[in-house]
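An overview of the molecular structure
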Amino acid sequence: MDGRNFHSILQNKFSHFCQKKYRAQSKGRQEGPNASNLCSDWIFRPSVKERTAPIFGISENTGGKRNCDSMSFETDETEETITSLHMRVYHPQASVFKSLNFNEKHKYRVEESIKFGRDSKVCQFPLLDKRASRVQFVIQSFRHADSSELCFEIKNVSLRTQLSVNGVTLDHLNRIDLSNKCILRFGEFQFCLEKESGEDREHFEVKFTLSFVPFCQEGIVEALSHPVTESGVLNVPVTQHQSQTAVETDENELIS
């Protein structure tokens, strides 16, 4: 056997060996036509890291570093629901609420008190009625010692006008805890308050809806037991109120 035939036989066996091994390892990959293609395929075959990089948000252009969007998502603060105080307001002259923004939610820290009255320099929510006091009433958030739930209390700071909360009359500097659903009344003003509890321990929000129908007529309403319809009409029975008394506040207490 001459050298050329021996070399040709050896080359064919080597090519057959490589192709057989390639088929066994690739398991379904398209087979290359000869050993040279096999060698080039193994040379340029991507590494495991390169093939799995997109799964873990690693880009070839970032040198193996994590994608910025992935990192920002991991470091974002956990979203929490916020306690909301929804106030539906009514007055025969709806223009008295012209200074209220009905299209947004007003966010406050739990340490802040919110004030309603005629003086726009002092009150966050001005009432444009000359018969309203400079500061009519104040709502303050608080928590009971044995609970993490955010609650609210209301204080009447008007010297001349009494405030009715679910039929309980508050004189000057009297205060009372607000239930989850309640009705406030003074003069021709009516406020329907509904609280929705949230998880955020540092903030609460207030939002307003204007009603063109009064929430209650003559008589005392214990509490809201029926939802408000889209038209703003409340269908609630007239009953006697629960026995609840107001708490008098020290006259020297400052309104912060």
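Every value quoted in this text rests on a predicted model; they were computed, and no experiment measured them. (Residues numbered from 1 in each chain as written. Predicted model: local features only at pLDDT ≥ 70, side-chain atom pairs only at ≥ 80, totals over all residues. Heavy atoms only, no water.)

In the structure shown here, the tally under the stated rule is two cavities of 30 Å³ or more. Considering only enclosed or pocket space, the second largest cavity measures out at about 40 Å³ in volume. Around the second largest cavity, the lining residues are Leu85, Phe152, Leu178, Ser179, Asn180, Cys182, Leu193, Glu194 and Lys195. Looking at the lining of the second largest cavity element by element, the count peaks at three residues for strand β11 (residues 189-196). Broken down by class, the residue content of the lining of the second largest cavity amounts to five nonpolar, two polar and two charged. (1 Å grid on protein atoms, 1.4 Å probe; cavity = no way out; pocket = protein on both sides within 12 Å on 5 of 7 lines; lining within 4 Å. Points joined across faces, edges and corners; volume = space filled by probe spheres on them. Helix = DSSP H or I, 4+ residues; strand = E, 2+ residues; numbered from the N terminus. Nonpolar A, V, L, I, M, F, W, Y, C, P; charged D, E, K, R; others polar.)

Moving on: the sheet that holds strand β12 (residues 203-210). On the basis of which strands lie adjacent, the open sheet formed by seven strands has the order β2-β12-β1-β11-β10-β7-β8 and mixed pairing. Since the sheet does not close on itself, it has two edges, and those belong to β2 (106-109) and β8 (168-170), each with one partner. Neighbour-to-neighbour, the strand axes of the sheet open up by a mean angle of 25°, direction not taken into account. Inspection of the sheet shows strand β1 (residues 83-90) paired to β11 by seven bridges, in the antiparallel sense. Across the sheet, residue histidine 86 finds its bridge partner in β11, namely glutamate 194. (Pairing = 2+ DSSP bridges. Axes fitted to C-alpha atoms, helices over the stretch in contact; angles between N-to-C directions.)

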